[in-house]
Amino acid sequence: MVDVDRVLDEAGLKNPHVREYVTYWAGITEPDRVEVVNASDDARLVAEALEAGELFPAGEGRYYSRSYFKDTARSEERTIVATSKPDDRGVYNNWRDAEEMTAGQLERMRGQSKGKTMYVVPYLMAPPGSPLEQYAAGVELTDNRPVVLHMIRMARVGTHHLDDLADPATFVRAVHVTGDLENLGQGTPDDQRYFVTVADQRTILHFGSSYGGNALLGKIAHGLRQACYDGRASGVFLAEQFMLLGITDKQTGQKWHVCGGFPSASGKTNLAMTLAPDAMGDRYHVDFYGDDIAWLWVNQDDGRVYGMNPEFGVFGVAKDTNELTNPTALDSIAEGSGAIFTNVAYNPDTHEVWWEGRTPEPPVDVTGWEDWKGDRIAERDEGDLSPWAHPNSRFTTTLANVPNVADDFEAPAGVPIDAIIFGGRTRDREPLVRAITDLAEGVYDGLTLGAEATFAADGLDGQLRYDPMSMRPFLAYGEGDYAAHWLEIIGAATDPPIFAHVNWFQKDPDDGHFLWPGYRENLRPLLWLVRHKDGEVAGRETPVGTIPTLEELDLTGLDIPTEDLDRILGLDLDRWRQEMGFREEHLQQFDRLPEAIWNAHRRVAQALDEA
Ligand code: GTP
Ligand code: SPV
Ligand code: MN
């Protein structure tokens, strides 16, 4: 048995509640060693991981890792929100009884860390001093060293974050046990994995993975799922899968902050990092705040909605990241950044990494190159066209490495939000941008956000996979109550943000080309939006919101055919009327959906009928 008391004494961890928690779980998972982690341990842990073959060098101060080939993404079916209140059951949260799930996880985790080290990782999901700090402290216990290295990049890690908790018992207990990855029956009827957030006990119990949101518990499990629950239980805030950016007009000094949700892999990281102010005469400056999570609350002093990114780093999709699409991301993972690449292709001789879309073609000389599974490219069967990198391969880097990170990205007070945007991947119907001023209509728009299934046969009739506010995989309680909480929080603002729906993904119905260049040019519709909010441009009113006129949208330097512009600034009323039927069915699934949301739905439907 490990002498847990001695380890905690040496680490100076005095909080009796933390000590009790660590001791209890060491008794269950039975590690050989226990180690308390501070961010300052990073260099030593990296050296140990390189020595152990868990990490490989990828240039000066950069690293490469592979996860088990059946463990490369979040598993939504195995992810559970458990509480003791059946009313918390929603359509999407896989609600289960807390007692039953806790007992099951305890049995699955028992003895599973034998032979391993249990790392004690104290963390904070907020800038220190944030008004939401009391919801941000946690202690992850993990038996996986690469997970620790990712946590150090993605969250603020160190024992000092536990020193001045308002209530020493108030921290999230986040237990991660990797399990025997080769024998977990991933994806079979005999699947052993469960990723459980016991939300009303602020306890996270994840078993059977070492990848991403399944294992770095500060990010998705705490920063989104637990915080979603806490936000409502406290009545104080919203936790959303949102990016957050700032736009400054250098001529007037005016600054706006925009946050918003796009379903996973629909462009948050790209939008937050890569808007191109230089493309518009260098008049604007764009600041990066966050790419995946924002917590929102109302500041009683000025009546505005404030937002902050609780994370400390970026866990970004590698695919298609290159000098043209996202030069900022490349700068943030340059040599010396400490970045970790996971499941991209790797060359152990030259220490290079590559992924699809990094360059138009893969390296010509395949000598040494290995795909994400570690198989040599040179030994591939002829005609094997499978990607070199896993489609969900990612890079991990800290916010401070992002060249345009805002000066005040760690401001404890957060930043005032001017606009909340929603966007999915839709090939038709959704215009480039439509602004919504009414609160209920804005929340309604978020609830009916969706993305097309990406595979060919699906979505032919234009039906979306709905993803309310882009929170479908992260909702902690029922959707109707969630809508009510949104109305209550944003409704408390006397100077509220404007809402908008955006779409960068409309395609030409004939040849399938994207009608809008996207990526760095997405600044243009956002500028229209904030200027519209300030009353400088009126737009054109439609049944589904206000759309820019051609004259109002700054298109300097772009060369887009008129018929493409007409399409992305137009409305296909028949498709919209069809969509209203799908929306009605979608909303009918939700218990206790506020009447204000139904009224918004009826208003839009009636306006479309009369149009
Ligand atoms: P998660 O981290 O999974 O939550 O994803 P995300 O929302 O941050 O998505 P990300 O920015 O990583 O983009 C996912 C994919 O969409 C990438 O392959 C991008 O190249 C692509 N993409 C992003 N923005 C645009 C755009 O404006 N136009 C087009 N055509 N593709 C885009
Ligand atoms: C997402 O899937 O939306 C992510 C990646 O941001 S993960 O952390 O793996 O959930
Ligand atoms: Mn995400």
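What you are looking at is a predicted structure, and each value in this text was computed from that prediction instead of being measured.

Some words on the pattern of salt bridges
Then, number 1: On inspection of all chains with the given rule, the structure shows 51 salt bridges.
Then, number 2: Here Asp371 ties to Arg380 by a salt bridge, and the two come within 3.3 Å at their closest N and O atoms.
Then, number 3: The salt bridge partner of Glu452 is Arg427, with a shortest N-O separation of 3.1 Å. With Glu452 in the loop between β26 (450-451) and β27 (465-466) and Arg427 in the loop between β24 (419-423) and β25 (433-436), the pair connects residues that are 25 residues apart, well separated along the chain.
Then, number 4: Judged by its relative accessible area of 29%, Arg427 falls in the partly exposed class.

Some details on unusual backbone geometry
Then, number 1: Positive phi, normally seen in glycine, also occurs at Arg202, with a value near 50°.
Then, number 2: Residue placement: Arg202 occurs in the loop between β10 (194-198) and β11 (203-207).
Then, number 3: One non-glycine residue, Asp320, lies in the positive phi region at around 65°.
Then, number 4: By secondary structure assignment, the location of Asp320 is in the loop between β18 (313-317) and α9 (327-332).

Structural notes on the coordination of the manganese ion (ligand 3)
Then, number 1: Distances from the manganese ion (ligand 3) to its protein donors, namely Gln241 (OE1) and Asp292 (OD), fall within the range 2.1 to 2.2 Å. Taken together, the residues span a long stretch of sequence, with Gln241 in the loop between β12 (238-240) and β13 (243-249) and Asp292 in the loop between β15 (284-290) and β16 (294-299) at a distance of 51 residues. A single burial state applies to Gln241 and to Asp292, both of which are buried.

Looking at the pairing of β24
Then, number 1: By the criterion of burial, β24 is predominantly enclosed, with 5 of the 5 residues buried.
Then, number 2: Neither face of β24 is left uncovered, since the one carrying Ala419, Ile421 and Gly423 and the one carrying Ile420 and Phe422 both have all their residues buried.
Then, number 3: Looking at chain direction, strand β14 (residues 255-261) and β24 are connected through 4 bridges and run parallel. Its bridge partner lying in β24, Val258 is registered against Ala419.

Let's talk about the sheet that holds strand β17 (residues 304-308)
Then, number 1: On the basis of which strands lie adjacent, the open sheet formed by 4 strands has the order β12-β16-β17-β23 and antiparallel pairing. Each edge of the sheet is formed by a strand with only one pairing partner; in this case those strands are β12 and β23 (415-416).
Then, number 2: Strand direction decides the pairing type here: β12 and β16, joined by 3 bridges, are antiparallel. Looking at the pairing, Ala239 lines up with Trp295 of β16.
Then, number 3: Each of β12 and β16 is contacted by helix α7 (residues 218-234), which is oriented at about 145° to β12, the strand it contacts most.
Then, number 4: Strands β12, β16 and β17 of the sheet are contacted by helix α11 (residues 479-491), whose axis makes an angle of about 115° with β12.

Describing the site of ligand 2
Then, number 1: In the vicinity of ligand 2, the contacting residues are Arg74, Gly212, Gly213, Lys219, Ile220, Gln241, Ser264, Asp292, Phe315, Arg394 and Phe474.
Then, number 2: At 3.0 Å, a backbone N or O of Gly213 approaches an oxygen atom of ligand 2.
Then, number 3: Gln241 places a polar side-chain atom, nitrogen or oxygen, 2.8 Å from an oxygen atom of ligand 2.
Then, number 4: Calculation on ligand 2 without its partners gives an accessible area of 290 Å², and the protein chains cover 95% of this total.
Then, number 5: Going through the elements one at a time, α6 (212-215) and α7 are the ones with two or more residues in the shell around ligand 2.
Then, number 6: In terms of residue class, the shell around ligand 2 is built from 3 nonpolar, 4 polar and 4 charged.

Notes on the sheet that holds strand β3 (residues 63-65)
Then, number 1: The strand order across the open sheet built from 5 strands is β2-β3-β19-β22-β18, with neighbouring strands paired in mixed fashion. What marks the edges here is a single partner per strand, and that holds for β2 (56-57) and β18.
Then, number 2: Alignment of β18 against strand β22 (residues 394-398), held across 5 bridges, turns out to be antiparallel. Each residue of the ladder has a partner; that of Gly313, found in β22, is Thr398.

Observations regarding the nonpolar core
Then, number 1: Counting residues in hydrophobic clusters, the biggest one holds 193 residues, and the most contacted among them are Val22, Trp25, Trp295, Leu296, Ile420, Ile421 and Trp486.
Then, number 2: In this structure, Ile421 is in contact with Met243, Val258, Cys259, Gly260, Gly261, Phe262, Leu271, Ala500, Val502, Leu526 and Leu529, ignoring residues within four places of it in sequence.
Then, number 3: Counting residues in each nonpolar core, the second largest holds 5 residues, with Ala345, Trp369, Ile377 and Trp388 among its members.

Scoring rules and cut-offs
- Residues numbered from 1 in each chain as written.
- Chains lettered and ligands numbered in written order.
- Predicted model: local features only at pLDDT ≥ 70, side-chain atom pairs only at ≥ 80, totals over all residues.
- Heavy atoms only, no water.
- Salt bridge = Lys/Arg side-chain N within 4 Å of Asp/Glu carboxyl O.
- Helix = DSSP H or I, 4+ residues; strand = E, 2+ residues; numbered from the N terminus.
- Buried < 20%, exposed > 50% of the residue type's maximum accessible area, 1.4 Å probe, protein only.
- Donors = N, O, S within 2.8 Å, 3.2 Å for Na, K, Ca; no water.
- Pairing = 2+ DSSP bridges.
- Contact = heavy atoms within 4.5 Å.
- Axes fitted to C-alpha atoms, helices over the stretch in contact; angles between N-to-C directions.
- Near = heavy atom within 4 Å.
- Polar contact = N/O pair within 3.5 Å; in protein donor to acceptor, adjacent residues only side chain to side chain.
- Areas by Shrake-Rupley, 256 points an atom, 1.4 Å probe, with all protein chains shown as cover.
- Nonpolar A, V, L, I, M, F, W, Y, C, P; charged D, E, K, R; others polar.
- Core = buried A, V, L, I, M, F, W, Y, C linked by side-chain atoms within 4.5 Å.

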